[in-house]
Amino acid sequence: MIYWQLFMAFFVSNILGYGGGPASIPLIQKEVVDRYGWLTVNEFSEMLAIGNALPGPIATKMAGFIGYQEAGILGAFVSLLATIAPSVILLVVLLRILYKYKDSPNVKKMTNFIRPVIAVLLGVMAYDFFASSYVDSGVWQTLFLIITSFVLMERLRVHPAIVIVGALAYGAIFLA
């Protein structure tokens, strides 16, 4: 019975939580705290804080932790499966439809309209990162990191992962 409850709690939360983690967190809290009582509000907020400090999607980390806490390794597996199942199902269905109509002029037009939207969203995200960096680190540190990163990646062809690790080390040493 616990495995079914774990599956339903995370499946419902993630199928209704369109938009990823920020949208599904309140739904997960409703299921985990209010409906099943697996965690208190305080425990949930602590788990959320720790989960946000770790890399990767927050919903999967929460599902793995709660599933393991409630039913061991199998519980963690069931919870993770329920978390990723809505995305996998939707992806398979949408890819089949897209593949079926891939040569349609309307689909090609649609993808051409999506590209500028993605570019604008990435630009807004970059601006937000710049503004946050400017406030936290100052203009000179921010400009130094932007110019150095650009030169390393575009001129010297250094892999972005190495540039990121270098920026983290720089921040740990000089901005701590």
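Conventions we followed
- The written sequence of each chain sets the order in which its residues are numbered from 1.
- A pLDDT threshold of at least 70 governs which residues receive local features in this predicted model, and a stricter bar of 80 or more applies before side-chain atom pairs are shown or counted, although totals over entire chains, interfaces and linings include all residues.
- Excluding hydrogens and water, the side-chain values take into account all heavy atoms of the structure.
- UniProt positions are given in the numbering used here, feature names are shortened, and annotations may be inferred rather than shown by experiment.
- Strands here mean DSSP runs of E at least two residues long; helices mean DSSP runs of H or I at least four residues long; both are numbered from the N terminus.
- Think of a salt bridge as a Lys or Arg side-chain nitrogen and an Asp or Glu carboxyl oxygen that are within 4 Å of each other.
- Buried means the residue's accessible area, taken with a 1.4 Å probe over protein chains only, is under 20% of the maximum for its type, while exposed means over 50%, and partly exposed covers the values in between.
- By the criterion applied in these results, polar contacts are pairs of N or O atoms within 3.5 Å in which, for protein atoms, one can donate a hydrogen and the other can accept it, and in which residues neighboring in sequence qualify only through two side-chain atoms.
- A pocket here means an open set of points on a 1 Å grid, computed over the protein atoms alone, that has protein on both sides within 12 Å along at least five of seven lines. A cavity is instead a set of points where a 1.4 Å probe fits but cannot get out; residues with an atom within 4 Å of a point line either one.
- Grid points are joined across faces, edges and corners, and a volume is the space filled by probe spheres set on the points.
- Residues are grouped as follows: nonpolar covers Ala, Val, Leu, Ile, Met, Phe, Trp, Tyr, Cys and Pro; charged covers Asp, Glu, Lys and Arg; every other residue, Gly included, is treated as polar.

It is worth spelling out the UniProt feature "transmembrane region" (unreviewed entry) in the protein chain at this point. Mapped onto this numbering, the UniProt entry gives "transmembrane region" (unreviewed entry) at residues 7-28, 71-95, 116-135 and 158-175. End-to-end, the C-alpha atoms of residues 116-135 are 28 Å apart, and along that stretch the chain is 100% helix and 0% strand. Overall, residues 158-175 shows 83% helix and 0% strand. The separation of its end C-alpha atoms is 23 Å.

For the rest of this paragraph, the subject is the pattern of salt bridges. What the rule picks out here adds up to three salt bridges. Of the charged contacts, one joins Asp34 and Lys30 as a salt bridge, the two residues approaching to 3.7 Å between their closest N and O atoms. Residue Asp34 and its partner Lys30 are both found in helix H2 (residues 21-35); the two are separated by four residues, about one turn of the helix. A salt bridge links Arg157 to Glu154; the nearest nitrogen and oxygen atoms lie 3.9 Å apart. Taking relative accessible area as the criterion, Arg157 reaches 63% and is therefore assigned exposed.

By the secondary structure assignment, Ser149 is in helix H6 (residues 139-155). At a separation of 2.7 Å, a polar atom in the side chain of Ser149 contacts the main-chain carbonyl oxygen of Leu145.

Here the focus is the layout of surface pockets. Roughly 270 Å³ of volume is contained in the second largest pocket. Contributing to the lining of the second largest pocket are Ala126, Phe129, Phe130, Ser133, Thr142, Leu145, Ile146 and Ser149. Secondary-structure elements contributing two or more residues to the lining of the second largest pocket are helix H5 (105-137) and H6. Looking at the lining of the second largest pocket residue by residue, the classes come out as five nonpolar, three polar and no charged.

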